[in-house]
Number of protein chains: 2
Amino acid sequence: MEIFMEEAFIEARKAISAGEVPVGCVFIYNKEIIARGSNDVNATKNATRHAEFVCIDQTLEFCKEKKLNWKNVFPEVSVVVTVEPCIMCASALYELGVKEIIFGCANDRFGGKTVVDVESFYGKKITVTAGIRANEAMELLKEFYKGENPSAPVPKTKR
Amino acid sequence: MEIFMEEAFIEARKAISAGEVPVGCVFIYNKEIIARGSNDVNATKNATRHAEFVCIDQTLEFCKEKKLNWKNVFPEVSVVVTVEPCIMCASALYELGVKEIIFGCANDRFGGKTVVDVESFYGKKITVTAGIRANEAMELLKEFYKGENPSAPVPKTKR
């Protein structure tokens, strides 16, 4: 999965260049990337356009193009994302019933596992792997918020 | 708000005719309905197209057309919906920072207040009014699930 997490980081770095919160995501199906995206909140002026929702919509497009039933595709999808999905996104991923979620750093404020265990409300079990390149993912967030939000805690980074 | 809840019910009844889970929603801004919709999961083949997301997208379109900033519009929006927003939708409404949420019946499985108090994670306070025409909203759901899901509990209705 390292190669896919690197692709998610590529998306996260694009986001930071575009002035968006640096979270990147790819969806894997049959060992291939079928969706990739990052936070798109500012560009679309839509606070719900998190990286995962961008990828969900691409996956639905993929299903349409390939004439596949989404109900068969999502259970085979691995979600690889640099930051733990928030409650909203985690709920969406459980609604859709993805196969697994692999994330980088935890989302201590809104995480759909860390803050609330969204899984406990759904009758579905999704394999969750946390902490892949967590420090790097967190550094990107710190870099972003350092420039953005004067009231955010500014940790000393090694850069 | 009764007149707006009736409009939400009109949407919910459309949904049941279309074979969708009967949840209807309208968004009110400056005392007018700017968005209306119902569950659109089957038609769009997208499990995240709940009534609230349909209305969120219409509101963003409204903002674009009227050249209004969504950040100024959502804090003035009243969400009127026949069933309590689920965790995903409630999180989206807190992300967007709507003014208030008025709902019919509680959502005992996935409710963003009943099951998890989504508000406790967001630094925003939204006025929530529950229980408006709750029985009717619940009857619609029962009517739908009676035909759909043989494993769902089938309560005796008065119809």
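Provided above is the structure to which this section pertains.
Residues numbered from 1 in each chain as written. Chains lettered and ligands numbered in written order. Predicted model: local features only at pLDDT ≥ 70, side-chain atom pairs only at ≥ 80, totals over all residues. Heavy atoms only, no water.

1. Observations concerning the relation of the copies chain A and chain B
And step 1. Superposing chain A onto chain B takes a rotation of 180° plus a shift of 0.0 Å along the axis, which leaves an RMSD of 0.0 Å. Those values place the two copies in the arrangement expected of a two-fold rotation axis. Within chain A, A:M88 has its C-alpha nearest the rotation axis, a separation of 2.1 Å.
And step 2. Mapped onto chain B, 100% of the interface residues of chain A again fall at the interface, so both copies present the same surface. (Least-squares fit on C-alpha atoms with pLDDT ≥ 70 in both. Contact = heavy atoms within 4.5 Å.)

2. So, the nonpolar core
And step 1. Residues A:F27, A:V79, B:F27 and B:V79 are the most contacted members of the largest nonpolar core, which totals 105 residues.
And step 2. Excluding residues that lie within four positions of it along the chain, B:V79 makes contacts with B:C25, B:V26, B:F27, B:L93, B:V98, B:E100, B:I101 and B:I102. (Core = buried A, V, L, I, M, F, W, Y, C linked by side-chain atoms within 4.5 Å. Buried < 20%, exposed > 50% of the residue type's maximum accessible area, 1.4 Å probe, protein only.)

3. Re the sheet that holds strand β1 (residues 24-29) of chain B
Residue and element names in this part refer to chain B.
And step 1. Overall, mixed pairing links the five strands, which are arranged β2-β1-β3-β4-β5 in an open sheet. Strands at the two margins of the open sheet, each flanked by one partner only, are β2 (32-38) and β5 (127-129). Averaged over all adjacent pairs, the angle separating strand axes in this sheet is 15°, with direction ignored.
And step 2. Note that β1 and strand β3 (residues 78-83) share four bridges and pair antiparallel. Paired with F27 across the bridge in β3 is V79.
And step 3. Most of the contacts of helix α1 (residues 2-17) go to β1, to which it runs at about 145°, and overall it touches β1, β2, β3 and β4 (100-105). (Pairing = 2+ DSSP bridges. Helix = DSSP H or I, 4+ residues; strand = E, 2+ residues; numbered from the N terminus. Axes fitted to C-alpha atoms, helices over the stretch in contact; angles between N-to-C directions.)

4. A closer look at unusual backbone geometry
And step 1. We note that B:K31 has phi near 65°; this positive angle belongs to a residue other than glycine.
And step 2. Note on B:K31: relative accessible area 76%, which makes it exposed.

5. What to know about the pairing of strand β4 (residues 100-105) of chain A
All names here are of chain A.
And step 1. Buried residues dominate β4, accounting for six of its six residues.
And step 2. Of the strand pairs in this sheet, strand β3 (residues 78-83) and β4 are connected by five bridges, and their pairing is parallel. Across the sheet, residue V79 finds its bridge partner in β4, namely I101.
And step 3. Handedness of the crossover joining β3 and β4 through helix α5 (residues 87-96) is recorded here as right-handed.
And step 4. Note: β4 against strand β5 (residues 127-129), three bridges, orientation parallel. Of the residues in β5, the one forming a bridge with I102 is T129. (Right-handed = clockwise from strand over helix to strand, strands pointing away.)

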